[in-house]
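Observations on the model geometry
Below, each chain spelled out in residue letters.
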Amino acid sequence: MKKPKWVVEKEQGKKAQANETVWLFGLHAVRDALMNPARKRLRLIVTLNAQNKLEDAIAASGMTPELVDPRKFNAPLDPGSVHQGAALEVKPLDWGRLDDVAIGRDAPRLILLDRVTDPHNVGAILRSAEVLGASAVIGTRHHSAPETGALAKTASGALERQPYLRVRNLSDAIVALQGMGYLVLGLDGEADKTIEAAVDGVQDRPVALVLGAEGPGLRQKTKETCDMLVRIDASGVFGSLNVSNAAALALYASQSRG
């Protein structure tokens, strides 16, 4: 009996995902990945200078690096990538399911991204999320930045420590979080209420902050699914913030001051 088309496509997708690898580059990103026991590492390419700088991390990883001439650096990276003589092929990290990162902390904070596709923005958001104590950053499987070398380099090591999940449907994830007791706030520059006002008196409640891509912002379906639309309290009139800056400010504004 011939398999239905959707079954074939699902099996093909799972196979492609199983075969997926990522090339990380740059001394900082490579070092953190080498030191991360959860990271499945496949191939390490370094120059002699980079090998010397990464000596402790290479030893800890147990990998045998491929030593190459700086003029013949043969890792399959995009032209212009600032690799600093180090590139590491890895499997993407598996952070589990939404439930795994959304439950288990006092008053957790989550960042949800609605079609934020720029890996530099997502990397910067991961870095802010780690510094400000977010439980996870959550995007979508399609129309969001996948785990890449550029994202990892911008995250400056946070990719190895800050959960980054990509879910099938953002609205479904919002509904699931609401069922777990989360207050889901969508950021919108035209909203009447500030983040501080929205969380006043309920700082002990889990909060999910939803940010949209620069320009289009949140999709209408996302706005309708959130509990409330909020804005960042600002002085004076100015242009919109970069989404990574907005994420950092939103996380800070939502924290308990008690």
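It should be noted that the structure appears before, not after, this text.
Not measured: the values here are computed from a predicted model.

Comments concerning the pairing of strand S8 (residues 183-187)
Burial analysis of S8 places five of its five residues in the buried class, the great majority of the element. By the alternation rule, side chains of S8 split into Leu183, Leu185 and Leu187 and Val184 and Gly186, which are all buried. Judged from the four bridges that link them, S8 and strand S10 (residues 207-212) form a sheet pairing that is parallel. What sits directly across from Val184, in S10, is Ala208. Across three bridges, S8 lies against strand S11 (residues 228-231) in parallel orientation.

Structural notes on the packing of helix H6 (residues 119-131) against helix H11 (residues 243-254)
Two elements in contact, H6 and H11, have axes separated by 8 Å at closest approach and are oriented at 20°. Our classification of the angle between H6 and H11 gives roughly parallel. Considering only the axes of H6 and H11, their crossing is right-handed. Counted together, Asn121, Ala124, Ile125, Ser128 and Ala129 of H6 and Val243, Ser244, Ala247, Ala248 and Leu251 of H11 form the full contact between these two elements. Broken down by class, the residue content of the contact of H6 with H11 amounts to seven nonpolar, three polar and no charged.

Digging into the pattern of salt bridges
All told, the structure shown has twelve salt bridges when counted by the stated rule. Among the salt bridges present, the one from Arg31 reaches Asp56, with a minimum N-O distance of 2.9 Å. In this pair, Arg31 sits in helix H2 (residues 27-35) while Asp56 sits in helix H4 (residues 55-61), placing the two residues 25 residues apart along the sequence. Residue class for Arg31 comes out partly exposed when judged on its relative accessible area of 26%. Arg97 is paired through a salt bridge with Asp100; the nearest N and O atoms lie 3.9 Å apart. Take Arg97: its relative accessible area is 55%, and that puts it in the exposed class.

Criteria and thresholds
Residues numbered from 1 in each chain as written. Predicted model: local features only at pLDDT ≥ 70, side-chain atom pairs only at ≥ 80, totals over all residues. Heavy atoms only, no water. Buried < 20%, exposed > 50% of the residue type's maximum accessible area, 1.4 Å probe, protein only. Helix = DSSP H or I, 4+ residues; strand = E, 2+ residues; numbered from the N terminus. Pairing = 2+ DSSP bridges. Axes fitted to C-alpha atoms, helices over the stretch in contact; angles between N-to-C directions. Parallel < 35°, antiparallel > 145°, perpendicular 65-115°, else oblique. Left-handed = near helix turned anticlockwise from the far one by under 90°. Contact = heavy atoms within 4.5 Å. Nonpolar A, V, L, I, M, F, W, Y, C, P; charged D, E, K, R; others polar. Salt bridge = Lys/Arg side-chain N within 4 Å of Asp/Glu carboxyl O.

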